[in-house]
Amino acid sequence: MPELPEVETTRRGIAPHIQGKRIRDIVVRNSSLRWPVPVAELQSLQRCQITSVERRGKYLLLSTSKGTVIIHLGMSGSLRIAKADEPPMAHDHVDLTLSDGAMLRYTDPRRFGCWLFTSEDPYDHELLNELGPEPLNDEFDLEYLYQASRGRKVAVKQFIMNSHVVVGVGNIYANEALFLAGIHPKRAAGKISRQRYERLVPAIKEVLGQAIEQGGTTLKDFVGGDGKPGYFKQSLNVYGRGGEPCVTCDRPLKEIRMGQRTTVFCKFCQT
DNA sequence: ATAATCACCTGCTCGC
DNA sequence: TGCGAGCAGGTGATTA
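Residues numbered from 1 in each chain as written. Chains lettered and ligands numbered in written order. Predicted model: local features only at pLDDT ≥ 70, side-chain atom pairs only at ≥ 80, totals over all residues. Heavy atoms only, no water.

Enquirer: For the pattern of salt bridges, give the residues involved together with the corresponding values.
Expert: Scanning the model with the defined rule gives twelve salt bridges in all. Residue arginine 29 pairs with aspartate 95 through a salt bridge whose shortest N-O separation is 2.3 Å. A residue pair is termed long-range when its members are at least 10 positions apart, and arginine 29 in the loop between strand E1 (23-28) and helix H2 (39-43) and aspartate 95 in strand E6 (residues 92-98) qualify at 66 residues. On the basis of relative accessible area, aspartate 95 is assigned to the buried category, the value being 4%. Here arginine 105 and aspartate 92 are joined by a salt bridge, their closest N and O atoms 3.7 Å apart. Placement of the pair is arginine 105 in strand E7 (residues 102-107) and aspartate 92 in strand E6, with a sequence separation of 13 residues. Like aspartate 92, arginine 105 is buried. (Salt bridge = Lys/Arg side-chain N within 4 Å of Asp/Glu carboxyl O. Helix = DSSP H or I, 4+ residues; strand = E, 2+ residues; numbered from the N terminus. Buried < 20%, exposed > 50% of the residue type's maximum accessible area, 1.4 Å probe, protein only.)

Structure representation (structure tokens):
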């Protein structure tokens, strides 16, 4: 489900309901996520106050004085606020209940996501410490991306989807950003000119920023922490539109596979 | 170091 | 209606 805009939408949806509140309990019904869920460590957070709800890339960080819970939604995960007495459904793997009777519930049918714990600085955690810049921050700029691309033979689409290069650009928004920038997804990253990166960097910022403003993209059943769907789907130019007319030139969009991911582009507008 | 492929898992759609 | 194939928003691990 989630790329950066969906994770940010989730963060904004849940933060007002959990930040500053005290953890009552953490109930793990299925600890078999991407990595085993450290149940005992998480439960040691009972009675701790949640001091901050941050996002780094597609990771969510719930911090307390004793340590930080690191959550990733994988492909099919979601978090939402519910009443603590709501009966769990089949894929509701983790509940974090709060002292005021609210509950943060984690649902993930495919179980590609994770719930981890660290007592150290979470930004030093091995999953986070080598991540590239946040795409919406100023440090993600033309100079950075252009220099990072030099000598790279990988296709530009896979290059911008690499979290060590820049975080948060998943399959949907990679397709969309390359369309906006007029760049063919299979071009080698290292052979694209500075002038073209000058279009790509703002395209990435634009597509992610717009998606956040519209509450993310709801493809199947994504809902933010407040239970509302995202409205970005109506803004997609290429993703999910293979064979349909290009919004610019009206000719049919091409759909191919790149690294087991569906790739959609206009072979006339993207060169 | 970089690039390509595999693996993890459930659910849904499609074609026969 | 049933069944296998293929696909789905991610990304670390493994292999060249």
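Enquirer: Which residues make up the packing of helix H5 (residues 171-181) against helix H6 (residues 194-213), and what are the values?
Expert: Running from N to C, H5 and H6 point in directions that differ by 130°, and their axes come no closer than 8 Å. The pairing of H5 with H6 is recorded here as oblique in orientation. Regarding H5 and H6, the two cross each other, and that crossing is right-handed. Contacts between H5 and H6 involve Tyr173, Glu176, Ala177, Leu178, Leu180 and Ala181 from the first element and Arg199, Leu200, Ala203, Ile204, Glu206, Val207, Leu208 and Ala211 from the second. Considering only residue class, the contact of H5 with H6 consists of eleven nonpolar, no polar and three charged. (Axes fitted to C-alpha atoms, helices over the stretch in contact; angles between N-to-C directions. Parallel < 35°, antiparallel > 145°, perpendicular 65-115°, else oblique. Left-handed = near helix turned anticlockwise from the far one by under 90°. Contact = heavy atoms within 4.5 Å. Nonpolar A, V, L, I, M, F, W, Y, C, P; charged D, E, K, R; others polar.)

Enquirer: Break down unusual backbone geometry for me, citing the residues and quoting the values.
Expert: The phi dihedral of arginine 47 is positive, around 75°, even though this residue is not glycine. Among the residues examined, arginine 47 registers a relative accessible area of 60% and is labelled exposed. In this structure, aspartate 250 is a non-glycine residue whose phi angle is positive, near 75°. Take aspartate 250: it is sitting in the loop between H6 and strand E9 (254-258).

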